[in-house]
Amino acid sequence: MADINFIASVVVALAVVFVAYKYFNGGPDVQSSKAGNSTPFGNSKADEDGDSRDFVALMEKNNKNVIVFYGSQTGTAEDLASKLAKELSSKYGLRTMTADPENFDFEKLDTFPESHLAVFLMASYGDGEPTDNAQDLYSFLGNSPSFSQDGETLENLNFAVFGLGNVLYEFYNKAGKDMHKYLTDLGGHSIGPYGEGDDSKGMLEEDYMAWKDEFLAALVAKWGLTEREAVYEPSISVKEIEEDAHSHDVYLGEPNLKHLQASKAQEIPKGPYNASNPMLAKITAARELFTNTDRHCIHMEFDTTGARYTTGDHLAFWFQNNEEEVQRFVKALGIANPQQPIAISVLDKTSTVRIPSPTTYETIIRHFLEINGPVSRQVLSSIAPFAPSEEVKKATQQLGSNKELFASHVAAKKFNIARLLLHLSGGQPWKNVPFSFVIETIPHLQPRYYSISSSSVQSPNTVSITAVVERQTLTGVDHELRGVATNQILALSEALVGHPSMTYRLQQPHDFTNSLSSQDIRVPVHIRHSLFKLPGKPTVPIIMVGPGTGVAPFRGFVHERASQKAAGKEVGKAMLFTGSRHANEDFLYRDEWKQFSDFLDLETAFSRDSSKKVYVQHKLKERAKDVFALLNEGAVFYVCGDAGGMSHDVHSALLEIVAQEGNLSSEDADKFVRKMRSRNKYQEDVW
C-alpha cells in the first residue's frame, strides 16, 4: 500500500487508510477502504459549549452565522472545511465555525435561521457509504425525518454541498449526491451548484477550488457580500512557557493524558484500546520478504494482547515524520529553539484543538503535521503574506493563483512545504509565519492502515502486516520520494536486529523502557474493524484475488482455514490468484503456500518473467470454468489491492467469465455480479 510523499493515493495506508469496509485510506477523504478519521490527540473545546448537541443554539450563543460540517474519514474533508471557514471569515467577515456532525443532533435543523448558511463537505468511502462520523446524519435525513417543529420541510435552510470521492469506485461520490438530494427534497435552498471532487488523478483540490469559486459567486450575489483583503485571524493561541522540555508534564509525542501518566509512572498504558487510545504494541518479529536488495517488503508482527481483532481487519499504524524532514521544516520556519515548551489554547469557543498541551514545537512537527504531503495552492496563497520579502511574497502569490504555473513549478517537482518555502526564498527562513497558522493550515497526520495478514483464530494476540517500502525517483525531481510510514517500518525492522535508525526517532517519547537497547520496541497502533470477512461457515468455497501486498488478508484467510481444518472441521475449496513482478524476487510468502495444497488451489501471475506481461485477471480467465463452478456452489469472491487498473480489470474478467460460462448476455452477466455484491458474495478491500 503506497504512501509516497505527494502521491495522491498516499491513503499508506501506512493507511494509511481507510475503511462497509470492503475497501481505505491512506490517503485523502475519497472512497478509500483503508481510512480512519479518529485521532488519539486531545479534542478539547474552550468550554462547556462543546458539550451541546444543539448546533443551532450553539451558533446563536456564539454569534455564528455559517457552519461548515465535514464528513471526514481521513481528515481531508475536515481540512477543507477549516480552510473554507477561514476564507469566509477573513474575506467576507462572516462568523464561521466548523462542526463534526457526529457531535450534534439534527432534529432542530428546521429552526435553522434563513439568514444563516450550512455547508456540507461530505466524503464517500467503500461502496459509497457516508463516513463514520456522518452515519447518524445520513440515517436521520434519509429516513423521512421528523423535525422539532413537527414539520417535514427545511424551507428556511440555505445550504451548499461538496462531495469528495474517487471515480474508480462504483458508487462515485454517492454520499455527496445523497446529501444534496436529501436537503433539496426536504425543501432546502442550494447556494450555487452541487460540486464534487475526484481524487483518482490527484485533482481533488482543483475540483474543490473550481466549485468554491462558483459557490462564493452565488453567495456574494445572494447576500450582497463585499470582499475585503484577507487578514489572518487565529482561532488558537500558541505561547512559549517556562517549563523543562523533558518534564513528564510536557507531551513529547504521547497521544493522550493516559499515555503521559503511564510514561511518568514508567508503565505501559492500559486499555481499552481504540482510535482515541492506541496501544503501545511491542514488535515481536520482522523479516524481509523480497530477495531483490533494491526493494523491500517487510512482514512485521506485533504483540496486541488486550486488543481484540478478527481476521480481515486493518491495523492502524501511527507513524511519525523522519528527522531529516523535521529539521528541514524547523529550518524553513526559522524556529530558533524547536524544543521550546509551548502551551496551546483555543480563542474561539466553537473551535477545537487536537494537540495535547503543553508540548514543544518539535513534537508537533514530528508527530502531528503532515509535512511530507503535497502542497496545495490554497496553502500557498494563504502563507504568502508571511513571506520574508516582498519579492518572495509576489512569487508565492503568483504560484498560488495560477493553476498552470503551480502544476509545472510546484506539483511536478513534488515539493513538500518546507522544500518549497526554502526554494522560493533562496534558503531564507520564513520567520513571520505564526505557529498558530502552521497548526491551523498544515494538514494533520492520520494513521496508515494495513490489511492484517494473520489469523485471529491461529494467533489471537499477534497481528502481522505486510508493507512494501515506498521509494521512487522521478525525472525532473531532485530528491527521492519516500513513503514516510513504510520507511519507518523498515527502520523498525532494522532496529529490531540491532541497527538503530538515524532517520527516525524510534524510542518512546520519554523512553522509560530504554527501548532501543532492550529490544522492547513499541509503536502506537489500533485495530480498525472491517466487513471484509470469511464466510461464517468454513465449508463455503472462497475465491481470492490479490496481487502484491493485496495478498495480505488472504494469508490470514488461508491460515484460518488451515487452523479450522486442523481442528477437525471440514473446509471448502479455496482458490488464490496472486502474483508479482518476478517469481524469484518478490513472490510474497512463496514458501508458505505449499503446506496448504490439500485445500488451496494457487494460481500465480508474474508480470516480468516473460516477454508477455501476465496479470491475475489473465489467470482468472484461464480458470474460467473452475471459477464459475465455485460461484455456482456459493463461493464468495474477494479482491484486494489497487483500486485502479487491477480491480477494474478483475471485475471485467469476472463479467466475461459469468457471461461465457453461464451463457448469459452482457446485461444478465452484470445483473448476476450485482446480485453477488448485494448478497455480500463479492467483497473488495481496495485502495
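All values reported here derive from a predicted model rather than from experimental measurement. (Residues numbered from 1 in each chain as written. Predicted model: local features only at pLDDT ≥ 70, side-chain atom pairs only at ≥ 80, totals over all residues. Heavy atoms only, no water.)

If you tally the helices and strands in the protein, you get 20 helices and 25 strands. Relative to the compact-globule value of 26 Å for 687 residues, the protein shows a C-alpha radius of gyration of 25 Å, a close match. A principal-axis box enclosing the C-alpha atoms of the protein has dimensions of 70 × 65 × 50 Å. Buried residues in the protein amount to 59% of all 687 residues. Element-wise, carbon and sulfur atoms account for 47% of the exposed surface of the protein, whose accessible area totals about 27,300 Å². Put simply, the protein has 68 plus and 88 minus side-chain charges, and the middle of one group is 4 Å from the middle of the other. (Helix = DSSP H or I, 4+ residues; strand = E, 2+ residues; numbered from the N terminus. Rg over C-alpha atoms; globule rule 2.2 N^0.38 Å. Buried < 20%, exposed > 50% of the residue type's maximum accessible area, 1.4 Å probe, protein only. Areas by Shrake-Rupley, 256 points an atom, 1.4 Å probe, with all protein chains shown as cover. Lys, Arg positive; Asp, Glu negative; His and termini not counted. Charge placed at Lys NZ, Arg CZ, Asp CG, Glu CD.)

Below, the discussion takes up the pattern of salt bridges. Counted under the stated rule, the structure contains 38 salt bridges. A salt bridge links Glu 87 to Lys 212, with the shortest nitrogen-to-oxygen separation between them at 2.8 Å. Taken together, the residues span a long stretch of sequence, with Glu 87 in helix H2 (residues 76-92) and Lys 212 in helix H5 (residues 204-223) at a distance of 125 residues. The class of Glu 87 is buried, set by a relative accessible area of 11%. We note a salt bridge from Arg 623 to Glu 603, for which the minimum N-O separation is 2.8 Å. (Salt bridge = Lys/Arg side-chain N within 4 Å of Asp/Glu carboxyl O.)

Let us look at helix H16 (residues 552-566). In a regular helix each residue adds 1.5 Å, so 15 residues correspond to 21 Å; H16 covers 22 Å between its end C-alpha atoms and thus fits that length. Of all 15 residues that make up H16, 13 are buried, and the element is covered over most of its length. Phi for Gly 568, located one or two positions after H16, is positive at around 95°. (Expected span 1.5 Å × (residues − 1).)

Turning our eyes to something else, we now look at the domain arrangement of the protein. Its domain assignment divides the protein into domain 1 (55-223), domain 2 (374-430) and domain 3 (542-686). Relative placement of domain 2 and domain 3: their C-alpha centres are 46 Å apart. (Domains from an automatic or database assignment.)

Take unusual backbone geometry next. It is generally the case that most residues other than glycine have a negative phi and that most peptide bonds are trans. Cis rather than trans, the peptide bond between Gly 271 and Pro 272 has omega equal to 5°. Looking at the element boundaries, Pro 272 is found in the loop between helix H6 (257-264) and strand E10 (279-288). In this model, Ser 357 is joined to Pro 358 through a cis peptide bond whose omega is 0°. Looking at the element boundaries, Pro 358 is found in the loop between strand E14 (352-353) and strand E15 (359-360). Non-glycine residue Asn 63 carries a positive phi angle of around 55°. Tracing the sequence through the fold places Asn 63 in the loop between helix H1 (55-61) and strand E2 (66-71). We note that Asn 173 has phi near 55°; this positive angle belongs to a residue other than glycine. The topology assignment puts Asn 173 in the loop between strand E6 (158-165) and helix H4 (174-185). With relative accessibility at 0%, the residue Asn 173 sits in the buried group.

With that settled, consider H4. The terminal C-alpha atoms of H4, which comprises 12 residues, lie 16 Å apart, in line with the 16 Å expected from a rise of 1.5 Å per residue. Within the sequence span of H4, burial applies to Ala 175, Gly 176, Asp 178, Met 179, His 180 and Leu 183. Looking at the buried positions of H4, the neighbouring elements they touch are strand E4 (117-125), strand E5 (129-130), helix H3 (135-141), E6 and strand E7 (189-190). After H4 finishes, the residue Gly 187 shows a positive phi value of roughly 100°. (Contact = heavy atoms within 4.5 Å.)

Ordered in space as E16-E12-E20-E10-E11-E17, the 6 strands form an open sheet in which the pairing is antiparallel. Every other strand in the sheet has two partners, leaving strand E16 (448-451) and strand E17 (462-468) as the edge strands with one partner each. Pairwise comparison of adjacent strand axes, ignoring direction, gives a mean angle of 40° for this sheet. Note that E10 and strand E20 (residues 522-528) share 4 bridges and pair antiparallel. Looking at E20, one finds that Ala 281 is bridged to Val 523. (Pairing = 2+ DSSP bridges. Axes fitted to C-alpha atoms, helices over the stretch in contact; angles between N-to-C directions.)

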